[in-house]
Every structure is written in C-alpha cells, then in structure tokens.
Amino acid sequence: MPVKSYKHIASLLAFVAPALIIYSLFLLIPTIGGMYYSFTDWNGLNANYSFIGLGNFIEALREDPDFVHALLFTLKYVLFMIVLQNVLALMLAVFIETKTRSKGFFRTIFFMPNMISTIISAFMWTFVFSQVLPQLAEKTAMTFLDQLWIGNPKVSFYSIIIVSLWNGVGYMMIIYLAALQGVPQSLKEAAVIDGASPFQSFRKVTLPMITHAVTICLFLTLNGAFKVFEVVYGLTGGGPGRSTQVITMNIYEEAFSNNFRYGYASAKSVILFVIILLFTFIQIGVMKRKEVEA
C-alpha cells in the first residue's frame, strides 16, 4: 500500500479516535461488562462472585412477579406512546404546515416543552396534578379534574402518558415538519385538480412521501418508551406501591436501591436489550417494506 494511503488512514483514525475512545469507555465496555456480570451473582461491591449461568434470567422470567409486572406495564406504555405521540406530532405538523405567517411562532410554542429536562417536567406536573387541577376543579364546573392523578393506580398511568406526550411530541413534530416541507407542491396541486379531498390528498400523496419520517419517529418513540425512567421516577416513583413501575426502575431498584444484586440487575438489562432489539428489527423491517411500496 502506498505511503500516502497509510497517511490518509492514519489521519482518519486520528479524527475518529477521540469519539471512539469516549464511546468505548462510556457505552461499549460497560455494555460488554453488564452482559458478563449477568451470568454471575455479583452484588456490585465485593470482589468475589460466582458464575451461575442462566440462573438470573430464569429467576427474572419465572420467579419475579414484580419484574414481569414492570415489563407488562412498560409494554402498555410503549403501545400508548407509539400511537399517541406520532399521531399528535403528525397532526401538529400538518396544522403548522398550513399556516403561512405564523409557522415560526407555533413551531416554537410546541417545541418548547422538549427543551425542558424530563425530570424537571415531571416535578412541574406533580405540582399541577396535586395543586393546580384540584383548585381549578373547586373554582369551576370542571369537577372531573379533581382526581388523584398520582395516587390512584388507575389514573396515574394516564398522568404519566400526559407528561410524556407534553415533553416529547414537539421533537417528533419537527421531524414530521421537515418531511412535509419536502413533499413537492406540484403533487398536491395535481391531486386537487383530480378532485381529491384534503384527506384523500394527504392519505394518497403526502403520507406515502413522508414514510421515511414515520420510520424514524417510530424508531425513536419505540426506543425512548422502552427506556423511560425520569418521568416515572419524578412523577410517581413507581407507585402507588409498584403499580406504575417500569422495567428500568425495576432494574435500578434491584441494582442500587434495595437489593444490590448487580448481576441480577444486569440480567434484567440484557432481557430489556433483547426485547428492544427484537421490536426494533420488526418495526424497521415492516416500515422499510412500506417505504418501498410507497
């Protein structure tokens, strides 16, 4: 290989090296280490531990009802978020796209919640649910607002959904807006000339043209919903009891809060990783076929 080629490769590696080192130190190595410890009974503190094979995985799936409940609750949360977040974000994007003079204003208003930390948003909404809404219900005729938004297991799930949507819809809206702006105006005009209604024009022309954006938003929503932690931790703490505990909180509790079973928590993390990987492959595979058909 010529000397110039070696120099070119060396220069590329020099540029990549800082990011690769940081990525390895804070993500790659901990991930491999977590997979290794998932087959042990390490408590995260002692130097001595034993290999127990698949014991942690069997216990998590067969003998840990709290983990199974957290997994099912997380799947329920993921389903709601995938549907609601993307539908609302797309509706907002279409609404803003129709505004000729006030696009910037509406983009800013709807995106602003995304600029606030998720944990701060959770604390803000805790005040709203516990203080503002009961007072509003008392002074108006909207008595339905007087709920135990956080203390009632049947209602607290929807409180989490409300806060998550408020905090995350704006980001997806921006992606959909960028995609909508890439749809050729000539295609929309041709659909109108052919007699298509606004809904038909959106369904037959616009939506197929933004399928790539739908794929991206579904991917981001799916991964973010499975890894949700801050909003639940700040809003309900997994309560009342463990009725709103998501899988990430269950892992955190197992490793750091009460039990200090680091190996067992690592096994649960590997299970979560496999679930996310499986759902992601399915989602991307289905959506890629939709993109080809479109």
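Residue positions are given per chain, counted from 1 along the sequence in the order it is written. Totals for whole chains, interfaces and linings use all residues, but because this is a predicted model, local features are given only for residues with pLDDT of at least 70 and pairs of side-chain atoms are given and counted only at 80 or more. Hydrogens are left out, water is left out, and the side-chain values use all remaining heavy atoms of the structure.

S.K.: Sorry if this is basic, but what is going on with the UniProt feature "transmembrane region" (unreviewed entry) in the protein here?
M.R.: Here the UniProt-annotated "transmembrane region" (unreviewed entry) positions come out as residues 12-39, 77-96, 108-128, 155-179, 205-226 and 262-282. Helix makes up 100% of residues 77-96 and strand 0%, whereas the separation of the span's terminal C-alpha atoms amounts to 27 Å. Secondary structure counts use DSSP, requiring at least four H or I residues in a row for a helix and at least two E residues in a row for a strand, with both numbered from the N terminus. The distance from the first to the last C-alpha atom of residues 108-128 is 22 Å, and the span holds 71% helix and 0% strand. UniProt positions are given in the numbering used here, feature names are shortened, and annotations may be inferred rather than shown by experiment.

S.K.: How do you make sense of the environment of Val-68 when you look at a structure like this?
M.R.: Within the secondary structure layout, Val-68 lies in helix H3 (residues 65-97). Sequence separation between Val-68 and Ile-247 is 179 residues, and the spatial gap between their C-alpha atoms is 8.6 Å. Contacts were defined at the residue level, with two residues in contact if any of their heavy atoms lie within 4.5 Å. If near-sequence neighbours (up to four positions away) are discounted, Val-68 is found in contact with Ala-60 and Leu-61.

S.K.: I tried to follow the pattern of salt bridges on my own but got confused; where do I start?
M.R.: Oppositely charged side chains may form a pair once their charged atoms are brought near each other. The salt bridge criterion pairs a side-chain nitrogen of Lys or Arg with a carboxyl oxygen of Asp or Glu, the two atoms within 4 Å. Enumeration according to the criterion identifies 6 salt bridges in this entry. Across the salt bridge formed by Arg-261 and Glu-59, the nearest N and O atoms sit 3.0 Å from each other. Note that Arg-261 is positioned in the loop between helix H11 (247-257) and helix H12 (262-293) and Glu-59 in helix H2 (residues 55-62), a separation of 202 residues in sequence. By relative accessible area, which is 31% here, Arg-261 ends up partly exposed. Lys-268 serves as the salt-bridge partner of Asp-64, at 2.9 Å between the closest nitrogen and oxygen. In this pair, Asp-64 is assigned in the loop between H2 and H3 and Lys-268 in helix H12, connecting sequence segments 204 residues apart. Salt bridges sharing common partners tie together Asp-64, Glu-254 and Lys-268. Each residue is assigned to one of three classes by its accessible area relative to the maximum for its type, calculated with a 1.4 Å probe on protein chains only: buried under 20%, partly exposed between the two thresholds, exposed over 50%.

S.K.: Can you help me understand the nonpolar core in this one?
M.R.: Here is a general trend for soluble globular proteins: nonpolar side chains tend to be buried in one another's company. Put simply, a nonpolar core is a bunch of buried Ala, Val, Leu, Ile, Met, Phe, Trp, Tyr and Cys residues held in one set by side-chain atoms that sit within 4.5 Å of each other. Core analysis: the largest hydrophobic core is formed by 61 residues, its most contacted members being Tyr-77 and Tyr-176. Elements that contribute at least two residues to this core include exactly H2, H3, helix H5 (118-139), helix H6 (153-181), helix H9 (211-226), helix H10 (230-235), H11 and H12. Residue contributions to this core peak at 14 residues, all from H6. If near-sequence neighbours (up to four positions away) are discounted, Tyr-77 is found in contact with Phe-157, Ile-160, Ile-161, Ser-164, Ala-225, Val-228 and Val-231.

S.K.: Where do I start with the confidence of the model for the protein in this structure?
M.R.: In low-pLDDT regions, the fine details of the predicted coordinates are not to be read closely. Note: pLDDT gives the predictor's confidence per residue, expressed from 0 to 100. The predicted model of the protein averages 88 in pLDDT, with 97% of residues at 70 or higher. When the elements of the protein are averaged for pLDDT, helix H7 (residues 185-193) gives the smallest value, 82, and H3 the largest, 94.

S.K.: Can you walk me through the side chain of Ser-266 in this structure?
M.R.: Residue position: Ser-266 is located in helix H12. Overall, Ser-266 belongs to the buried group, its relative accessible area being 6%. Excluding residues within four positions of it along the chain, Ser-266 makes contact with Gly-34, Tyr-37 and Ser-38.

S.K.: I tried to follow H5 on my own but got confused; where do I start?
M.R.: For the α-helix, the turn length of 3.6 residues means that residues three or four positions removed from each other point alike. Here H5 spans 30 Å end to end across 22 residues, near enough to the 32 Å set by a 1.5 Å rise per residue. Bend angle per residue: angle between axes fitted to the 7 residues ending at that residue and the 7 residues starting there. Remark: the principal bend of H5, roughly 40°, maps to Val-128. Restricting attention to buried positions, one finds in H5 the residues Ser-121, Ala-122, Trp-125, Phe-129, Leu-133 and Ala-137. Its buried side turned inward, H5 meets H6 and H10. A helix is expected to span 1.5 Å for every residue after the first.

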